[in-house]
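The primary structure of each chain is shown beneath.
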Amino acid sequence: MEIELQEIYDYLSMQVPFITLTEASRKTLVNMIVIHYLRRGQAFPPSDIDQNYLYLLRSGAIDLRDADGNLFEKMNEGETYSSACVAESDDGGHGIASEDSLLYMIPCKVIQSLQDESPDFHQYFITSVHQRLKYALECRQRSEDAQSFMQLSVSDIASRTPISVSSDTSIANAAKHMTHENVSSILVMQDEQLVGIMSDHDLRSRCVATGLNTELPVSKIMTTELISVSDNTSLADTLLTMTRHQIHHLPVVIGNRPTGMVSVTDLIHQLGANPAFIATDIEKANSVERLVQVSRYLPELQLQLAMANSTAVQIGEVITAITDALTRRLLVFAERTLGPPPVPYVWLAGGSQGRNEQTSHSDQDNALFISDDMRPEHDAYFAALAKSVSDGLDACGYIYCPGNAMATNDRWRQPVRVWRKYFRKWIEQPEKKSLMLSSIFFDLRPVYGEAQLYEEVQRDMLSMTRSNGIFIAFMVSNALSRRPPVGFFRNFVLIHDQEHDHTLDIKHRGIIPIVDIARVYALSEGLTACNSTERLRLAYESGSMSQEMSENLIDSLEYISSLRIQHQAQQIRDGMQADNYIDPKTLSGLERGHLKDAFMIIKDMQEVLESRHQATRMQ
Amino acid sequence: MWARLFGPESKRLRLLKQSDQGPLLDFYRQAFVDTKTPARGVDYVVLDFETTGLDIHNDHIISIGLIEIRGFSIHLDTAWHQIIKSTRDMPGETAVIHKITDDMLVHGMEVEDAVVKLLQRMKGKVLIAHHAVIELGFLNKICQKYFNQEFYMPVIDTELLAKRVFSRHHQEIKSSSLRLFNLRKKYDLPAYRAHNALSDALSTAELFLALLNDLYPKQDCRLKDLLKGMPGS
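Residues numbered from 1 in each chain as written. Chains lettered and ligands numbered in written order. Predicted model: local features only at pLDDT ≥ 70, side-chain atom pairs only at ≥ 80, totals over all residues. Heavy atoms only, no water.

Observations regarding the overall build of chain B
Of the regular secondary structure elements, chain B holds 11 helices and five strands. For chain B, the proportion of its 233 residues judged to be buried stands at 55%. Summarising the internal contacts of chain B: among those between residues at least 6 apart in sequence, 67% fall at separations of at least 24. (Helix = DSSP H or I, 4+ residues; strand = E, 2+ residues; numbered from the N terminus. Buried < 20%, exposed > 50% of the residue type's maximum accessible area, 1.4 Å probe, protein only. Contact = heavy atoms within 4.5 Å.)

Encoded structure:
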């Protein structure tokens, strides 16, 4: 390469997918470039070319149209068109230069000869949009600067020799054994099967404190409701298990045979801020002030999880588990102050908390289902309870819901029979406006109290939605109201307000459209799951969504969410309030390319929904 | 027939008769392209000289940049950049613009050798340059000096093509609007930061394609249409 072509080399080096090539290959490529000029209105690809080329649009713009002449993509500066170089191309079509355009063309045979060199480069060409995105996700998971925390399984860090005693050992001897081995808990075995665990805590509370005879067998005081993890469980899931059950030790088992022990301390060596600890702190807290203190660790925790390369799904689950713990603790406080509830109730989380998809400090969405035994005079109790919890959550950083979808609102604090009426009205007489408001109530999840109060309503609600085509059509139309910004770069549809000028609202333009699609399928198939990833997986299993589309949407949701996590991690590091507004300029060329792929997948799915919806209307 | 008597080809034959030996004999032996050829089928060399100044008699060439157009596409594998040896000091200002230092010039190629190589690259093709009188003037001076003969070949000056575009649209022509940089801006061509003979040749090549598409949207012109009103035609 003539060094004077450095400028073209520099330009090429910034573009997907050339970024993945070595310097030497990129220099070779520069020599292979053929430059072509298209005047506005001329056909693309150029009609007079002698062989197949990859096209990199250096300047200008091109409208790509499908066989029916519909515009399906706008190609902008810096974008490549590689259809001719991809064996089984799925996006073939023809275009027209919508502006005067300068094309850099690289012969496909040159592209092919370079594919052996870089697996990433190779991947870009052999695969469809969907496979590219899947591959990008894998790359994120194994990115070099991330710790390997999430790739390790629990057997990698568990103690190799579990300390155990047989179930007929005396409490005194078991305690001596623990002291000798310097462990704080011991496994209890019977006929080579794990039957229980005894910890320092059990010794204190069930033996010493009660004055129990220490010559009795350990089986008298051991914990038998055993929670364990299998040896191939990921550290993230191990941590999640500890967080959910608020325990610090877990036996690692193969079948029912213990192979080791893992403690929260072992995990801490792998990861700094710890959700299990935070959950324990919440459990021990005795005042709202203490909860406020503890919840200040949440952004830090999210940052740590992001650095440990947890998936967005895992982070959502951990953060939500902590919000649930905070909510439950606040309800315990409220019941302490107000006395026991006059009739049973269940506290439900809606929105992202309901779906287990929270990031640190979103707003709060909640509802209260009260037993039908409720009498009018009981409402004062529940109003006070709701206010106390809602204020507490707000103090902890979960701001009041801007749409007032909270149990403090009289409408959303009702006996079961009223809730049944609400759901019936939403489903049987759907209105676009009311559905937008009520969509968070189709993502409810019991957090505290009598879960069956909700479960019965949910069962009836789902049997109504499953058989109601008009209602589903309304939900589809709601899901189609937010479109992903498919055209890229210049075409990136950016929101324009003072504070977030020239940024992309990744939540409303990327995440919510997928969440909405997942909800449509959950309601039309009668799925009880609330988590979007799970809903999409079940939609495939129930046969209503193709495996390919289900996997593609799950991958897209994960990819877009991981970009949000990455964006928020940077803000947290910079000491800023985390938000959803991403400046496209801060994304790498590769990230922009993958984000575009994800948007394309959403668009495809929306079109599938749209055509089905129209079919439904015509019937 | 008339083209053969009065066009570039008749001039070539005259010059061929006059030359007895050396690089120009070889150059003139190769027939020029028939001016009736569709312009798309012609091979073009786009040339740019960086010089110490615009005075052909007292200034000299610092570097040569060349790139070829075939089938109305620019082929980067044809890119050539050559620094010319100089023993004279270069004015400081020029060094700043071209980022070429005296040291580099000392290690450059002798201008005579460079022009021999250049003639090899250009024979049988059509020359394109922006404000071509500079390139033609320096080439002619060097050929007269070293090979005792006039330099001649069919040439398309992109500046004159641009003038045609302006007058076709009845637009006022300012000298500043005919500069390479401003013309590229008019056609939304990317701004190249670098300023050297090769990137200017590339810039000129891209501008040629833009002008061509503006004048002949169907690209159905013949070479003679492009050569109309050009120097030496």
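Some details on the sheet that holds strand E10 (residues 185–190) of chain A
Residues and elements named next belong to chain A. In space, the three strands of this open sheet follow the order E9-E10-E11, with mixed pairing throughout. In this open sheet, the two edge strands, each paired with only one partner strand, are strand E9 (164–166) and strand E11 (193–199). In this sheet, adjacent strand axes meet at a mean angle of 35° when their direction is disregarded. The sheet contact formed by E10 and E11 spans six bridges and is antiparallel. (Pairing = 2+ DSSP bridges. Axes fitted to C-alpha atoms, helices over the stretch in contact; angles between N-to-C directions.)

Topic: the sheet that holds strand E16 (residues 366–370) of chain A
Residues and elements named next belong to chain A. With respect to topology, four strands assemble into an open sheet ordered E17-E16-E15-E18, the strand pairing being mixed. Bordering the open sheet on either side are strand E17 (413–415) and strand E18 (445–449), each of which pairs with just one other strand. Strand after strand, the sheet turns through a mean of 30° between neighbouring axes, direction not considered. Lying over the sheet, helix H18 (residues 451–466) contacts strand E15 (345–349), E16 and E18, oriented at roughly 65° with respect to E15.

Thoughts on the interface of chain B and chain A
Taken together, the contacts link 28 residues of chain B with 21 residues of chain A. Summed over both sides, the interface of chain B with chain A buries roughly 2,200 Å², with 54% coming from carbon and sulfur. Put simply, chain B and chain A have one salt bridge between them. Note that Arg39 of chain A and Asp214 of chain B form a salt bridge whose closest N and O atoms lie 3.6 Å from each other. Where chain B touches chain A, the interface holds eight residue pairs in polar contact (both at pLDDT 80 or more). Elements that contribute at least two residues to the side of chain B that touches chain A include exactly strand E3 (73–83) and helix H10 (197–215) of chain B. When residues of the side of chain B that touches chain A are assigned to their parent elements, the largest contribution, eight residues, is made by E3 of chain B. Each residue belonging to the side of chain B that touches chain A can be placed in one class, and the counts come to 16 nonpolar, six polar and six charged. (Buried area = accessible area lost by both parts, 1.4 Å probe. Salt bridge = Lys/Arg side-chain N within 4 Å of Asp/Glu carboxyl O. Polar contact = N/O pair within 3.5 Å; in protein donor to acceptor, adjacent residues only side chain to side chain. Nonpolar A, V, L, I, M, F, W, Y, C, P; charged D, E, K, R; others polar.)

Examining helix H1 (residues 6–13) of chain A
Counting buried positions over the eight residues of H1 of chain A gives six, a clear majority of the element. Among the residues making up H1 of chain A, those that are buried are Glu7, Ile8, Tyr9, Tyr11, Leu12 and Ser13 of chain A. For H1 of chain A, the elements touching its buried residues are helix H2 (23–32), strand E3 (53–59) and strand E8 (101–107) of chain A together with E3 and H10 of chain B.

So, the environment of Met178 of chain A
With respect to the helices and strands, the residue Met178 of chain A is situated in helix H6 (residues 171–181). Sequence-wise, Met178 of chain A and Ile163 of chain A are 15 residues apart; in three dimensions their C-alpha atoms are separated by 8.0 Å.

As for the nonpolar core
Membership of the largest hydrophobic core comes to 62 residues, with the highest contact counts inside it found for Phe18 of chain A together with Tyr44, Ile156, Phe208 and Leu226 of chain B. In terms of residue count, the dominant contributor to this core is H10 of chain B (10 residues). Apart from the residues lying within four places of it in its own chain, the contact partners of Leu226 of chain B are Ala39, Tyr44, Ile156, Leu161, Arg164, Phe208, Leu212, Tyr216 and Cys221 of chain B. Of all hydrophobic cores here, the second largest spans 61 residues; its members include Cys401, Leu435, Leu453 and Leu504 of chain A. (Core = buried A, V, L, I, M, F, W, Y, C linked by side-chain atoms within 4.5 Å.)

Examining the side chain of Gln353 of chain A
Residue and element names in this part refer to chain A. Structurally, the position occupied by Gln353 is in helix H14 (residues 351–354). Judged by its relative accessible area of 7%, Gln353 is buried. Apart from residues no more than four positions distant in its own chain, Gln353 is found in contact with Thr320, Thr323, Asp324, Thr327, Gln358, Asp365, Arg445 and Val447.

Looking at the environment of Tyr448 of chain A
Residue and element names in this part refer to chain A. Secondary-structure assignment places Tyr448 in strand E18. On the basis of relative accessible area, Tyr448 is assigned to the partly exposed category, the value being 21%. For the pair formed by Tyr448 and Leu331, sequence separation is 117 residues and the distance between their alpha carbons is 7.9 Å.

Observations regarding the pairing of strand E7 (residues 94–97) of chain A
Within a regular beta strand, the side chains point alternately toward one face of the sheet and then the other, so they alternate between its two faces. Residue and element names in this part refer to chain A. Because side chains alternate across E7, one face comprises the buried residues Gly95 and Ala97, and the other comprises His94 and Ile96, none of which is buried. One ladder, built from two bridges, connects strand E2 (residues 43–44) with E7; its direction is antiparallel. Residue pairing for E7: Ala43 is matched across the bridge by Ile96. Of the pairings in the sheet, the one linking strand E4 (residues 61–65) to E7 comprises four bridges and is antiparallel in character. Pairing of Leu64 across the sheet is with Gly95, part of E7.

Focus on helix H21 (residues 532–541) of chain A
Residues and elements named next belong to chain A. Along H21, the residues that are buried comprise Ser532, Thr533, Arg535, Leu536 and Ala539. Buried residues of H21 fall within an arc of 165° about the axis and therefore sit on the same side. Summarising the contacts, the buried residues of H21 are in contact with helix H13 (312–338), helix H20 (506–525) and helix H22 (547–573). Looking at where H21 begins, the residue whose side-chain oxygen comes 3.2 Å from the main-chain nitrogen of Thr533 is Asn531. Trailing H21 by a residue or two, Gly543 shows a phi angle of about 85°, which is positive. (Arc of directions from axis to C-beta.)

Observations concerning the packing of H13 of chain A against helix H15 (residues 379–395) of chain A
All names here are of chain A. One can describe the packing of H13 onto H15 by two numbers: an axis separation of 9 Å at closest approach and a directional angle of 140°. Our classification of the angle between H13 and H15 gives oblique. Crossing handedness for the pair H13 and H15: right-handed. Two secondary-structure elements touch here, H13 through Thr327, Leu330, Leu331, Ala334, Glu335 and Leu338 and H15 through Tyr381, Ala384, Leu385, Ser388, Val389, Gly392 and Leu393. Taken together, the residues that form the contact of H13 with H15 break down as nine nonpolar, three polar and one charged. (Parallel < 35°, antiparallel > 145°, perpendicular 65-115°, else oblique. Left-handed = near helix turned anticlockwise from the far one by under 90°.)

Examining the pattern of salt bridges
Oppositely charged side chains can form a pair if their charged atoms are brought close together. Residue and element names in this part refer to chain A. One pass over the full model with this rule turns up 28 salt bridges over all chains. Here Arg482 and Asp516 are joined by a salt bridge, their closest N and O atoms 3.3 Å apart. Residue Arg482 is found in the loop between helix H19 (469–479) and strand E19 (504–505), and its partner Asp516 is found in helix H20; the two are separated by 34 residues along the sequence. Overall, the relative accessible area of 28% leaves Arg482 in the partly exposed class. Put simply, Glu610 and Arg483 hold a salt bridge, and the shortest N to O gap is 3.2 Å.

A short note on unusual backbone geometry
Cis geometry is adopted by the peptide bond preceding Pro45 of chain A, which originates at Phe44 of chain A and carries an omega value of -5°. Within the secondary structure, Pro45 of chain A sits in the loop between E2 and E3. One non-glycine residue with positive phi stands out, namely Glu192 of chain A, at about 60°. Summarising the element assignment, Glu192 of chain A is placed in the loop between E10 and E11. Positive phi values are uncommon outside glycine, yet Gln219 of chain B reaches one of about 55°. Here Gln219 of chain B is to be found in the loop between H10 and helix H11 (223–227). Overall, the relative accessible area of 13% leaves Gln219 of chain B in the buried class.

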